[in-house]
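Spelled out from the first residue to the last, the chains are:
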Amino acid sequence: MKKDSIIPKTIDEYVIGFPKDIQEKLEALRATIRKVAPDAEEIISYGMPTFYLQGNLVHFAVFKNHIGFYPAPSGIEAFKEELSLYKTSKGAVQFPIDKPLPLSLVSDIVKHRVKQNLEKADAKAKAKKVKSN
């Protein structure tokens, strides 16, 4: 679905490469993530828009028939029941491109991932502090 194979450098560059209706979905997804994780850095990783907060938080990408959302295996597992309406794999969920995005569910998943990443970073910092003492 992408117009060319050049890897974008920013999420804006990624989004602009799609038709207007897809751009609107991607911007809604991006705004939902940003609202829950305002301190997350926006980067491109693995050629996909990525939100980074003390590690990879979530990624997303457009495909022919779906928008892939990648909240890591822990994000999928924690919301297994809620995601049962969608095709999932170990660390990804496919939202059909022709259906509304479940933004409330995305918000809940991102909140979960933020909590995980911050707890993991805090535990690492404490371990490092103990080790240096």
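Quick notes on the rules
Residues numbered from 1 in each chain as written. Predicted model: local features only at pLDDT ≥ 70, side-chain atom pairs only at ≥ 80, totals over all residues. Heavy atoms only, no water. Core = buried A, V, L, I, M, F, W, Y, C linked by side-chain atoms within 4.5 Å. Buried < 20%, exposed > 50% of the residue type's maximum accessible area, 1.4 Å probe, protein only. Helix = DSSP H or I, 4+ residues; strand = E, 2+ residues; numbered from the N terminus. Contact = heavy atoms within 4.5 Å. Pairing = 2+ DSSP bridges.

Engineer: Looking at this structure, I do not really get the nonpolar core. What am I missing?
Structural biologist: For soluble globular proteins, nonpolar side chains are generally found buried alongside one another. If you look at the biggest cluster of nonpolar residues, it comprises 34 residues, and the most contacted ones within it are Leu26, Ile33, Phe69 and Val110. Of all the elements in the fold, those that place two or more residues in this core are helix H1 (11-16), helix H2 (20-36), strand S2 (48-52), strand S3 (56-62), strand S4 (66-70), strand S6 (93-96) and helix H4 (103-132). Apart from residues lying up to four places away in sequence, isoleucine 33 is in contact with Phe51, Val58, Phe60, Phe69, Val106 and Val110.

Engineer: Looking at this structure, how should I read the pairing of S3?
Structural biologist: Along any regular strand the residues' side chains alternate between the sheet's two faces. In terms of residue burial, S3 counts as a mostly covered element, since six of its seven residues are buried. Across three bridges, the pairing between S2 and S3 is antiparallel. The residue of S3 that forms the bridge with tyrosine 52 is asparagine 56. In this antiparallel pair of consecutive strands, S2 and S3, the connection spans three residues, and glutamine 54 shows a positive phi of 55°. The pairing of S3 with S4 spans four bridges and is classified as antiparallel. Residue pairing for S4: phenylalanine 60 is matched across the bridge by phenylalanine 69. Linking S3 back to S4 in an antiparallel pair, the connection comprises three residues.

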